[in-house]
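# Overview (structure and organization)
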Amino acid sequence: MKKIFRNLCPRNCFSTCSLLSYVENGKLVRVSGDPAHGFTRGKLCAKGYAYVERVYSPQRVLYPLRQFPRGSGNWRRISWDEALQIIASKMLELKGRYNSFLPVCLCKHYGNMGLLHYAPEALFDGLGSVTVTEGSSCWSAGLDAYLYCLGAVKKSDPEDMVNSKVILLWGVNPAWTAVQQMYFIDQARTRGAQVVVIDPIFTSTAAQADFYLQPKASSDGALALGIAKYIVENNLYDQEFLAQYVYGYEAFFDYLAGLSYNWIENKTSLPKDVIAEVAELYAKNSPAAIWTGLGLQRHTNGGQNIRAIITLAALTGNIGKSGAGIYYPSLQYLQLFSFSTRNYISSKKPVLHRKINLNVLGKELKNLDNPPVKMLWLTQRNLFQDAETGSLQRALKELELIVQVDQFLNRSSRYADIFLPTTTQFEEWDIVPSYWHHWVGINEPAISPLGECKSDLQIAWELSRKLNELSPGICSFPTDGNEEEWVAREFNQELYNSLGIEDYRELLNGPRKLKWPQVAFADLKFNTPSGKFEIASEKAALEGLPLLPVYTEPAAAPQAYPFRLITPHCQVGNNSQFLNLPWLTWGNEKPCLRINPITAKRFGLSNGDYVRVYNQQGEILLPVKITATVSEDTFVCYQGWHDSGEHDLNDLVNGSPTDMGTKATGRPAVAFHDTFVNLCPVKEV
Ligand SMILES: Nc1nc2c(c(=O)[nH]1)N[C@H]1C(S)=C(S)[C@@H](COP(=O)(O)OP(=O)(O)OC[C@H]3O[C@@H](n4cnc5c(=O)[nH]c(N)nc54)[C@H](O)[C@@H]3O)O[C@H]1N2
Ligand SMILES: Nc1nc2c(c(=O)[nH]1)N[C@H]1C(S)=C(S)[C@@H](COP(=O)(O)OP(=O)(O)OC[C@H]3O[C@@H](n4cnc5c(=O)[nH]c(N)nc54)[C@H](O)[C@@H]3O)O[C@H]1N2
Ligand code: SF4
Ligand SMILES: [Mo]
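We now turn to the structure provided with this report. Computed from a prediction, not measured in an experiment: that's the story for all the values here.

### A few points about the site of ligand 1
Ligand 1 sits among 32 residues. The nearest are D199, S218, D220, G573 and N575. In this structure, an oxygen atom belonging to ligand 1 sits 3.2 Å away from a main-chain N or O atom of G171. Within the side chain of H299, a nitrogen or oxygen atom sits 2.8 Å from an oxygen atom of ligand 1. Across the complex, the protein chains shield 99% of the 910 Å² of accessible surface that ligand 1 would expose by itself. For the shell around ligand 1, the residue count by class is 13 nonpolar, 15 polar and 4 charged.

### Quick word on the site of ligand 2
Near ligand 2 there are 31 residues, and of these H109, D406, D456, S576 and N650 occur at the shortest range. One of the side-chain nitrogen or oxygen atoms of N112 is found 3.1 Å away from an oxygen atom of ligand 2. T379 is positioned with one of its side-chain polar atoms (N or O) 3.0 Å from a nitrogen atom of ligand 2. Within the complex, the protein chains bury 99% of what would otherwise be the 910 Å² of accessible surface of ligand 2. Classifying every residue of the shell around ligand 2 by side-chain character gives 5 nonpolar, 20 polar and 6 charged.

### Concerning the environment of I201
Topologically, I201 is positioned in the loop between strand 9 (194-198) and helix 8 (204-207). If near-sequence neighbours (up to four positions away) are discounted, I201 is found in contact with Y212, Q214, I566, P568, T629, V630, V636 and Y638.

### So, the packing of aromatic side chains
Taken as a whole and judged by the stated rule, the model has 33 aromatic pairs. Judged by centre distance (4.9 Å) and plane angle (55°), the rings of W176 and Y638 are tilted. Here W176, found in helix 6 (residues 174-177), pairs with Y638, found in the loop between strand 25 (634-636) and helix 23 (649-652); they are 462 residues apart in sequence, far enough to count as distant. For W176, a relative accessible area of 15% corresponds to the buried category. Here the aromatic cluster, defined as three or more aromatic residues joined through ring pairs, consists of F14, W139, W291, Y327, Y435 and W436. R41 extends its terminal NZ or CZ atom over the ring of Y183, reaching a point 3.5 Å from the ring centre.

### What to know about helix 14 (residues 302-316)
Taking 1.5 Å per residue, 15 residues should reach 21 Å; helix 14 reaches 22 Å between its end C-alpha atoms and fits that length. Phi for G317, located one or two positions after helix 14, is positive at around 70°.

### Digging into the sheet that holds strand 1 (residues 2-8)
Strand order in this open sheet of 3 strands is 1-2-3, and the pairing throughout is antiparallel. Edge strands, defined here as strands with exactly one partner in the open sheet, are strand 1 and strand 3 (27-33). The average undirected angle you get between the axes of adjacent strands in this sheet is 30°. Bridge count between strand 2 (residues 18-24) and strand 3: 6 bridges; the pairing is antiparallel. When the sheet's bridge partners are listed, Y22 is paired in strand 3 with R30.

### As for the packing of helix 9 (residues 220-233) against helix 13 (residues 272-284)
For the pair helix 9 and helix 13, the least separation of the axes is 9 Å and the interaxial angle reads 70°. Overall, the two elements helix 9 and helix 13 adopt an arrangement that is roughly perpendicular. The hand of the helix 9/helix 13 crossing is right-handed. Along its contact with helix 9, which presents L223, G226, I227, Y230 and I231, the element helix 13 presents K272, I275, A276, V278, A279, E280, Y282 and A283. Residues that form the contact of helix 9 with helix 13 fall into these classes: 10 nonpolar, 1 polar and 2 charged.

### Details of helix 12 (residues 261-268)
Taken together, the buried positions of helix 12 are occupied by Y261, I264, K267 and T268. Along the axis of helix 12, the buried positions cluster into a sector of 125°, meaning they face one direction only. Of the residues in helix 12, the exposed ones pointing more than 90 degrees away from the buried face are N262 and N266. Among the structural elements, helix 9 and helix 13 are those in contact with the buried residues of helix 12. Just past helix 12, the residue S269 takes up positive phi, approximately 75°.

### What about the pairing of strand 7 (residues 131-134)?
Burial along strand 7 is two-sided: the residues T131 and T133 and V132 and E134 are all buried. Where strand 6 (residues 104-108) and strand 7 come together, 2 bridges link them in parallel fashion. Across the sheet, residue C105 finds its bridge partner in strand 7, namely T131. The β-α-β motif built from strand 6, the intervening helix 4 (residues 119-125) and the parallel element strand 7 has right-handed crossover chirality. Note that strand 7 and strand 14 (residues 354-357) share 4 bridges and pair parallel. Bridge assignment links T131 to a residue of strand 14, and that residue is R354.

### A few points about the nonpolar core
If you look at the biggest cluster of nonpolar residues, it comprises 186 residues, and the most contacted ones within it are W170, W377 and F533. Apart from residues no more than four positions distant in its own chain, W377 is found in contact with I87, C105, L106, C107, P120, F124, V403, V405, L420, I459 and L463. Of all hydrophobic cores here, the second largest spans 23 residues; its members include C105, V373, F384 and L392.

### Regarding the packing of helix 5 (residues 140-150) against helix 14
Packing of helix 5 against helix 14 brings their axes to within 8 Å, and their N-to-C directions diverge by 45°. As the angle between them shows, helix 5 and helix 14 are arranged oblique. For the pair helix 5 and helix 14, the crossing hand works out as right-handed. Contacts from A141, G142, A145, Y146, Y148 and C149 of helix 5 reach helix 14 at G303, I306, R307 and I310. Counted by class, the contact of helix 5 with helix 14 contains 7 nonpolar, 2 polar and 1 charged residues.

### Re the pairing of strand 23 (residues 610-615)
Judged by which residues are buried, strand 23 turns out to be one-sided: V611, V613 and N615 face inward and are buried, whereas Y610, R612 and Y614, on the alternate face, are not. Joining the antiparallel neighbours strand 23 and strand 24 (residues 618-626) is a turn of 2 residues. Where strand 23 and strand 26 (residues 675-681) come together, 4 bridges link them in antiparallel fashion. Among the inter-strand pairings, Y614 is bridged to a residue of strand 26, identified as N678.

### What to know about the pattern of salt bridges
Under the counting rule described, the total for this entry stands at 30 salt bridges. Note that K466 is salt-bridged to D81, the shortest N-O span being 2.8 Å. Remark: D81 occurs in helix 3 (residues 80-98) and K466 occurs in helix 17 (residues 456-470); sequence separation between them is 385 residues. For K466, a relative accessible area of 5% corresponds to the buried category.

Each value, and the rule that gives it
Residues numbered from 1 in each chain as written. Chains lettered and ligands numbered in written order. Predicted model: local features only at pLDDT ≥ 70, side-chain atom pairs only at ≥ 80, totals over all residues. Heavy atoms only, no water. Near = heavy atom within 4 Å. Polar contact = N/O pair within 3.5 Å; in protein donor to acceptor, adjacent residues only side chain to side chain. Areas by Shrake-Rupley, 256 points an atom, 1.4 Å probe, with all protein chains shown as cover. Nonpolar A, V, L, I, M, F, W, Y, C, P; charged D, E, K, R; others polar. Helix = DSSP H or I, 4+ residues; strand = E, 2+ residues; numbered from the N terminus. Contact = heavy atoms within 4.5 Å. Phe/Tyr/Trp six-rings, centres within 6.5 Å; stacked < 30°, edge-to-face > 60°. Buried < 20%, exposed > 50% of the residue type's maximum accessible area, 1.4 Å probe, protein only. Lys NZ or Arg CZ within 6 Å of the ring centre and 35° of its normal. Expected span 1.5 Å × (residues − 1). Pairing = 2+ DSSP bridges. Axes fitted to C-alpha atoms, helices over the stretch in contact; angles between N-to-C directions. Parallel < 35°, antiparallel > 145°, perpendicular 65-115°, else oblique. Left-handed = near helix turned anticlockwise from the far one by under 90°. Arc of directions from axis to C-beta. Right-handed = clockwise from strand over helix to strand, strands pointing away. Core = buried A, V, L, I, M, F, W, Y, C linked by side-chain atoms within 4.5 Å. Salt bridge = Lys/Arg side-chain N within 4 Å of Asp/Glu carboxyl O.

Structure follows, in structure tokens:
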């Protein structure tokens, strides 16, 4: 029997694609794009088409496993009952020993963005206070920059980019990371738009652009200030707009007047004529859009740099109208859904957890006492996506029990005692919001769970059941339920109205577009204290940041490690996911270190030669790829390694905090790209 189902891709990705899943005799045989989805228009990235391989991969774990001793790779199949018994007994034993559940820590990130995947948070809420990780390693600095300037992180419909005359792609690589948006950029270009890419790497996106600027990494604030200076000096700004809708521009003008183009060139490596060209292009061709990327903000001055960039929209009035605007993943979806799974317990009674910083987990675990953390529940997270993994590895070894809920064994599994296998989106109900586009779809089960896999929600019910069996009343999270009913509860009347439907099941016929305005801030009212676009932010100043988007110096390379190592997101993976699938890795290069030809010559290196890349944190061995796409003082290695054995790229990666991020996500993110290394050629590997 053949049947087609609708699923959603729940990866942390701009596109949140709608998938059509073709099932024959209970088996998923093909996945394609859903033409009913106006943003993804029946297309997928390569990862989407490779889902069949991912679901049936021989590496996928289908039964609960126990590893003994930890790190040995000696995994033995156990029953769910045995696994849950070990876990629940340990939790109760810790509760008895410390008179609290604080020794139990929930560590979760963005492995699956579906709303039913907030079940682990609600499960642990049901126990009272535990320890939970807080923060995100992804987008925090940029979010705060937007909050200071606009008071809200919202943006126009990304489909509206077709109406732009100029598009600045600033520190973003959509040709790899947001492939569906490229369609709208191409449409704009067909209508005559000019595209500028600003990136220290000449990326695949840059290869498709009209202009490419290669500033020094982390110097974007100076570049934006240079553009602003030129705009002001040449009367290219919109005085009426500034007077009515912008707060603090006079002081900013004074600051700009004190900067020189020599200073700007010194910081960015870009001369005045280049700055003038981009400034004229942006200011004279309204409507113009700017897309600030995530790579851009992974620096110790990343948030401040974004403030300077988005100020260009305020100077030129490029906000609140079609084709204009400033783009960043938005927080609008947070108001849309009920988040009833996430808030299952906390909506009835608030729970106060002990919160620790996800981004420095190793240090946090080491320093916590009274009581210490003894058990880790790891879900939707590969710990080795974290930076500075040395302290993490040491801390993990001290824990008494580590439970990993995942689909595949990866490097984190080396530290786990129990592995609980979870379903993919094809085997469960869910609803996945998008932080980018305005479409909403639904995810229905297309096939039965493989082996003994269970969804994160089911696992939460079953652990609650086991805990309550052993200690009646100990956990107030439900012990059973119906997944579809939990999906239904995520909807509310406002959402139905916005989608023009009466029942969530109508989405099974195809995704719907929200009746959200196409243009954000069309009324030019901002949610800031002044109600204006705030170039000067007193809130920022109160929180210890500069009042104005002035330049803050980037991290400097130490003498011993003179090369900057940039580690952005790779083409065929999604963070550490998919990179174990031959359909995707076949024909694609293994991790390598991209270096400039002049640097290669200096070290006497040819393509494919191995080098030891090292710094004070660690070392890794990599073959080099010689390419003029990177500058002489920079190395590039794409992140997202699935399980690289004993050494991983992120062992070397710096874990310093970004300058912003606390407002939006509780903690700053990580300045991944402020990593400095040296290299040494290796004769034999
Ligand atoms: N194929 C694929 N798609 C993905 C992901 C994936 O892993 N693979 N991950 C998803 C996730 S979680 C995220 S956060 C997004 C990330 O998607 P993007 O926003 O595209 O971010 P990155 O790939 O981190 O970096 C983009 C570019 O920023 C540049 N960059 C680094 N530092 C600077 C700087 O100082 N200035 C400037 N101007 N540019 C700089 C890098 O060189 C890189 O080319 O992609 C999502 N989509
Ligand atoms: N060097 C460097 N490091 C970086 C970055 C960088 O640019 N450079 N980028 C950072 C960014 S932006 C991000 S977002 C983080 C990503 O960090 P993570 O969110 O930890 O990354 P993923 O690799 O997506 O790992 C999530 C895990 O969830 C699992 N998973 C998938 N679906 C499910 C599910 O339904 N249930 C459960 N329980 N598990 C599931 C996956 O198999 C995977 O092992 O990495 C950060 N790390
Ligand atoms: S990874 Fe992104 S682009 Fe690829 S199928 Fe999933 S949502 Fe779509
Ligand atoms: Mo991310």
